[in-house]
Amino acid sequence: MHRLQRRPRKNRKGFLLVEALLGITLLGLTISAVAFIMLHGQEESQRGGERVRATLLSTQALEGLRSIRNQSFTGLVLGVHGVAVGMEGTWVLSGSVISFAGGYTTSVEITSLSSDIIRATATTRWKHGYNRSGSVVLATDYTNWRIERVTGDWSSVSLEGSYTNESSPLFNDVAVSDNYAFVTADATTGIYVFDISNLSSPSRVASAFQLGYSAYDVAVKDDVLYVLTSDASNELKAYVVASPTTFSAGDLIADYDIPGAGRARSMAMQETILSVGADESATGGYDEYYLFDVSNTGSIVLHDSLDDTSSFKGIAAIGATFYLAGTDNVSELRVGDRTTPSNTTFLGGYNLTDVHDGLSVIAHGTGVVLGRADGAAISELAKFTVASNPVPSSPGPWYREMGGSVNALTTDTIGCYVLAATSNPTKELQVVSLPGNSLSEVSSYNTATGNGRGILYDQDRDRVYMLTNKSLLIFKPSSSPNPCT
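Procedures and definitions
Residues numbered from 1 in each chain as written. Predicted model: local features only at pLDDT ≥ 70, side-chain atom pairs only at ≥ 80, totals over all residues. Heavy atoms only, no water. Pairing = 2+ DSSP bridges. Helix = DSSP H or I, 4+ residues; strand = E, 2+ residues; numbered from the N terminus. Axes fitted to C-alpha atoms, helices over the stretch in contact; angles between N-to-C directions. Salt bridge = Lys/Arg side-chain N within 4 Å of Asp/Glu carboxyl O. 1 Å grid on protein atoms, 1.4 Å probe; cavity = no way out; pocket = protein on both sides within 12 Å on 5 of 7 lines; lining within 4 Å. Points joined across faces, edges and corners; volume = space filled by probe spheres on them. Nonpolar A, V, L, I, M, F, W, Y, C, P; charged D, E, K, R; others polar. Disulfide = S-S within 2.5 Å. Buried < 20%, exposed > 50% of the residue type's maximum accessible area, 1.4 Å probe, protein only. Core = buried A, V, L, I, M, F, W, Y, C linked by side-chain atoms within 4.5 Å. Contact = heavy atoms within 4.5 Å.

> Residue-level account of the sheet that holds strand β10 (residues 180–185), with values.
An order of β9-β10-β11-β12 is seen for the four strands of this open sheet, with the pairing classed as antiparallel. On the outer flanks of this sheet lie β9 (171–177) and β12 (203–205), each paired with one strand and no other. Across the sheet, the mean angle from the axis of one strand to that of its neighbour is 35°, orientation sign disregarded.

This is the structure in structure tokens:
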């Protein structure tokens with residue numbers, strides 16, 4: 001039998017010393033790497049926070065200029081200025097630069113583009129140590145809105161300019177701020193930005209931007225863009241758009257999670273109140289109408305929400321009364337009151353013939369117009385009077401057959417015409433006379449780029465922007481005066 005014998009290990013002490021030194025070295029390298037990553041991450045986080053604050057300071061300066069403009073356009077004096085709150089609590093030009101705590105300075109340069117348009121460029125700078133310094137530059141244009149503008153005759157429309165994307169991104173909605181149009185789409189790009197300073201040739205800018213989600217309705221307040229998206233965790237997003245040509249993911253300043261997963265679909269802005277309509281919750285337990293306070297830049301605060309048995313596809317408002325286009329078979333038009341935003345209530349609704357969904361709605365003076373989904377036995381456009389009661393009652397409603405779903409509605413400044421984006425294959429744009437109750441068609445346009453999906457009237461330019469499956473179309477009226485003036 002063989003007996004196993006343990007062989008003596010020579011120089012074991014030497015190996016132990018080498019192993020210990022290697023272990024200490026590796027541990028030191030690991031600790032150094034972790035420390036570097038933590039310090040680098042902290043530094044990047046600080047830089048991001050500094051840029052966000054600088055962006056808000058530049059935005060604040062531009063908002064101050066907007067307030068000055070609203071008081072008097074002549075108050076926007078050409079040159080380099082600071083913008084601050086004066087002794088009387090109003091915004092004023094003050095010196096050439098304003099300093100803020102934390103080493104930030106902000107100045108604005110005002111230049112003239114024409115007799116009634118100026119451009120303001122706000123620059124915020126900071127320097128925190130050797131490596132952490134930088135600047136944020138935002139620019140926007142201001143018009144003299146007090147100048148009287150002539151409104152054309154929309155009973156004759158013509159195409160002035162267009163942009164087409166052959167990949168058919170399915171454009172949804174459009175909002176305009178100064179010389180830029182923000183267009184949403186059912187595509188991963190989500191938001192398209194267009195320079196419309198030349199109406200006959202709109203050009204896409206910030207083309208590198210990718211939202212990563214589909215985007216639905218959009219609204220703009222001053223220099224903040226609000227967008228409803230398919231992001232299941234943060235459907236409502238707010239971006240600073242004072243510099244549209246460099247629009248990027250870094251311009252995001254706030255978001256909000258509408259309960260449920262990606263249900264938000266319709267939106268309307270009225271002063272500092274943002275209304276959002278959502279699809280009906282399939283499992284129940286979630287509200288379909290939401291009211292937000294957006295009076296502070298970068299802040300989205302819930303006022304109230306309401307539960308319903310409808311999906312709300314369109315929103316319009318007159319004063320404290322709001323109107324919702326929905327899918328409830330016995331109340332395609334829903335009416336509510338937000339006199340006290342924190343205690344919003346439904347006042348009632350209106351049941352139209354048949355069960356076709358309400359898709360769009362506009363409110364004008366003493367009337368409301370509802371657009372519905374296409375139906376062989378119905379007229380898709382309905383007009384209501386709300387002169388004596390916010391909830392429609394007789395006389396009315398009055399109807400018009402549109403030959404397709406009325407996906408979006410808009411009206412000119414004085415309520416002479418209603419312009420509809422429809423699925424009618426030969427009349428995607430339809431212009432209908434609003435006074436009286438005949439709702440007669442006065443003009444239309446046939447486009448080869450798909451259904452009419454979104455529409456907006458621009459009162460500053462007296463132009464209409466319509467969206468189809470793959471195009472942004474810009475229409476102008478005839479030069480004849482509007483017959484309703």
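> How would you sum up the pattern of salt bridges? Please name residues and give values.
This model, assessed by the stated rule, comprises 16 salt bridges. Through salt bridges with shared partners, a single network forms among R66, K221, D222 and D223.

> Mind laying out empty space enclosed by the protein, listing which residues take part and the relevant values?
The full count for this structure, using the stated rule, is one cavity of 30 Å³ or more. There is about 40 Å³ of room inside the largest cavity. Secondary structure elements with two or more residues in the lining of the largest cavity: α1 (12–71) and β4 (98–100). Looking at which element gives the most residues to the lining of the largest cavity, the answer is α1, with three residues. Partitioned by chemical class, the residues of the lining of the largest cavity number five nonpolar, two polar and no charged.

> Any details on the pairing of strand β21 (residues 312–318)? Residues and values, ideally.
Remember that side chains alternate between the two faces of the sheet whenever the strand is regular. Bridge count between β21 and strand β22 (residues 321–326): six bridges; the pairing is antiparallel. Within the sheet, the bridge partner assigned to A317 lies in β22 and is F322. Connecting the antiparallel pair β21 and β22 is a turn made up of two residues, with G319 showing a positive phi of about 60°.

> Please provide a residue-by-residue account of the state of the cysteines, values included.
On inspection of all chains with the given rule, the structure shows one disulfide. Disulfide pairing places C416 opposite C484 at an S-S distance of 1.9 Å. Since a negative S-S torsion denotes a left-handed disulfide, the C416-C484 link at about 60° is right-handed. Of the two residues, C416 is situated in the loop between β29 (406–411) and β30 (417–422) and C484 in the segment after β35 (471–481); the sequence distance between them amounts to 68 residues. The exposure class of C416 is buried, given its relative accessible area of 2%. On the basis of relative accessibility, which here comes to 35%, the residue C484 falls in the partly exposed class.

> Can you tell me about the nonpolar core, naming the residues and giving the values?
One finds L62, L65, L76, I118 and Y142 to be the most contacted residues of the largest nonpolar core, which totals 21 residues. Of all elements in the fold, only α1, β5 (104–114), β6 (117–128) and β7 (132–143) reach the threshold of two or more residues within this core. With six residues, α1 is the largest single contributor of residues to this core. Every residue in contact with Y142, bar those within four places of it in the chain, is listed here: L62, L65, R66, R69, F73, L76, D116, I117, I118, A120 and D223.

> Residue-level account of the sheet that holds strand β28 (residues 398–400), with values.
The four strands lie next to each other as β25-β26-β27-β28, forming an open sheet whose pairing is antiparallel. The open sheet has two edge strands, β25 (358–364) and β28, and neither has a second partner. Taking the axes of each pair of neighbouring strands and ignoring which way they run, one obtains an average angle of 20° across the sheet.

> Give me the lowdown on unusual backbone geometry, citing residues and values where you can.
A cis amide bond links S394 to the next residue, P395, at an omega of 0°. Relative to the helices and strands, P395 resides in the loop between β27 (381–385) and β28. A cis geometry characterises the amide bond from G396 onward to P397, with omega recorded as 0°. As for its position among the elements, P397 is in the loop between β27 and β28. In this model, D178 sits at a positive phi of 55°, which is unusual for a non-glycine residue. Take D178: it is sitting in the loop between β9 and β10. Positive phi outside glycine occurs at D222, with the angle close to 55°. D222 gets classed as partly exposed once you look at its relative accessible area, which sits at 25%.

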